[in-house]
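For reference, the chains in residue letters:
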Amino acid sequence: MLWGISGPKCAKCKTDIILERDGQDPSPIAEMAHIAGLNPDSARYNPDMTDEERNSIENLILLCPTCHEIIDRDIQEYTIAKLKEIKKDHEDWVDEQLTSSLPQVTFAELEVITKYIVSTPVHQAEENLTVVPPGEKIRKNNLSDEVANLITKGMIGVEQVKEYLNKNLDPEFSERLKNGFVEKYLELRTHNLSGDEIFFEMLNFASNGSRDFSSRAAALTVLTYYFEICEVFER
């Protein structure tokens with residue numbers, strides 16, 4: 001979830017936190033830092049917090065290694081209040097970037113983020129594409145207001161996704177794409193994740209881990225489309 005709401009980029013300097021190297025898989029270099037320290041000898045440790053509170057997403061901030069070291073070396077400047085402000089400002093910035101990218105999604109972005117998913121083999125299964133109202137499905141899956149907000153924004157591009165799929169010359173393209181999402185969802189359900197955690201994992205899957213906001217916006221529209229019409233999330 002922290003990676004999802006963070007971009008994923010460093011909350012302080014906003015640089016990409018995935019290391020790209022020729023001929024190798026991308027490597028995450030971010031550190032999930034505690035705002036109030038985890039241990040008594042950690043920066044900004046608060047003895048009144050429970051372990052659950054210390055490890056909650058509200059007390060975590062995604063940072064590059066350099067910024068993590070900077071904030072822990074200067075606890076007078078980087079207080080708990082200051083880091084919470086940095087975290088909120090960054091998450092608001094990420095939301096603004098994604099929101100501004102949504103109306104600009106074209107067939108080109110949709111093609112980029114769907115081409116690897118459609119390699120999933122087509123399974124013959126009983127079809128049930130009854131549309132469930134998004135609000136009802138959001139409640140059924142116990143999704144937070146933050147995720148509900150993303151789904152609402154993703155609805156902006158649903159008609160674009162429908163048109164893209166209808167114009168695709170491969171008659172099995174939509175089916176393979178749907179199966180890709182369904183199989184990933186069923187896999188994630190085996191890990192005892194919350195609805196929000198599954199949603200952000202699905203968004204990362206749909207964008208193929210891209211940190212580019214236009215790609216993540218395209219991924220959000222496709223995920224929202226399948227969230228609405230098929231077995232991605234509980235009905």
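Residues numbered from 1 in each chain as written. Predicted model: local features only at pLDDT ≥ 70, side-chain atom pairs only at ≥ 80, totals over all residues. Heavy atoms only, no water.

## Structural notes on the packing of aromatic side chains
Applying the stated criterion across every chain, the model contains seven aromatic pairs. Seen from their ring centres, Trp93 and Phe213 are 5.6 Å apart, and the 85 degrees between their planes marks the pair as edge-to-face. Of the two residues, Trp93 sits in helix 4 (residues 80-101) while Phe213 sits in helix 11 (residues 213-229), which places them 120 residues apart along the sequence. When its relative accessible area of 23% is taken as the criterion, Trp93 is described as partly exposed. Exposure remark for Phe213: the relative accessible area of 11% places this residue in the buried category. Their ring planes at 80 degrees and their centres at 5.8 Å tell us that Phe199 and Phe200 sit as a pair that is edge-to-face. It is Lys14 that lies over the ring of Trp93; its NZ or CZ is 5.1 Å from the centre. (Phe/Tyr/Trp six-rings, centres within 6.5 Å; stacked < 30°, edge-to-face > 60°. Helix = DSSP H or I, 4+ residues; strand = E, 2+ residues; numbered from the N terminus. Buried < 20%, exposed > 50% of the residue type's maximum accessible area, 1.4 Å probe, protein only. Lys NZ or Arg CZ within 6 Å of the ring centre and 35° of its normal.)

## Some words on the packing of helix 9 (residues 173-189) against helix 11
The geometry of helix 9 relative to helix 11 is characterised by a closest axis approach of 11 Å and an angle of 85 degrees between their N-to-C directions. Our classification of the angle between helix 9 and helix 11 gives roughly perpendicular. Counting all contacts with helix 9, which are made through Ser174, Leu177, Lys178 and Phe181, the residues of helix 11 involved are Val222, Leu223 and Tyr226. (Axes fitted to C-alpha atoms, helices over the stretch in contact; angles between N-to-C directions. Parallel < 35°, antiparallel > 145°, perpendicular 65-115°, else oblique. Contact = heavy atoms within 4.5 Å.)

## Some words on unusual backbone geometry
Cis rather than trans, the peptide bond between Gly7 and Pro8 has omega equal to -5 degrees. Along the polypeptide, Pro8 turns up in the loop between helix 1 (2-6) and strand 1 (18-19). We note that Arg44 has phi near 60 degrees; this positive angle belongs to a residue other than glycine.

## Notes on the pairing of strand 4 (residues 60-63)
Neither face of strand 4 is exposed, since Leu60 and Leu62 on one face and Ile61 and Leu63 on the opposite face are all buried. Bridge analysis of strand 3 (residues 31-34) against strand 4 gives four bridges, and the strand direction is antiparallel. Bridging from a neighbouring strand, Ala33 pairs with Ile61 of strand 4. (Pairing = 2+ DSSP bridges.)

## A few points about the nonpolar core
In this structure, Leu177, Phe181, Phe199, Met202, Tyr226, Val232 and Phe233 are the most contacted members of the largest nonpolar core, which totals 43 residues. Of all the elements in the fold, those that place two or more residues in this core are helix 5 (107-114), helix 7 (145-154), helix 8 (158-167), helix 9, helix 10 (195-206) and helix 11. It is helix 11 that contributes the most residues to this core, ten residues altogether. Setting aside anything within four residues of it in sequence, one finds Phe199 in contact with Val147, Leu150, Ile151, Leu220, Leu223 and Phe233. Ile17, Ala30, Ala33 and Leu63 belong to the second largest nonpolar core, which has 17 residues in total. (Core = buried A, V, L, I, M, F, W, Y, C linked by side-chain atoms within 4.5 Å.)

## Things to note about the pattern of salt bridges
Within this structure, the stated rule accounts for twelve salt bridges. Residue Asp95 pairs with Lys153 through a salt bridge whose shortest N-O separation is 2.6 Å. With Asp95 in helix 4 and Lys153 in helix 7, the pair connects residues that are 58 residues apart, well separated along the chain. For Lys162, the salt bridge goes to Glu159, with nearest N and O atoms at 3.4 Å. Of this pair, Lys162 and Glu159 both sit in helix 8, separated by three residues, roughly a single helical turn. (Salt bridge = Lys/Arg side-chain N within 4 Å of Asp/Glu carboxyl O.)

## Description of helix 8
The set of residues buried in helix 8 consists of Val158, Val161, Tyr164 and Leu165. All buried residues of helix 8 lie within an arc of 120 degrees about the axis, which places them on one face of the element. Opposite its buried face, helix 8 presents the exposed residues Glu159, Asn166 and Lys167, each directed more than 90 degrees away. The inward-facing, buried residues of helix 8 abut helix 5, helix 7, helix 9 and helix 11. (Arc of directions from axis to C-beta.)

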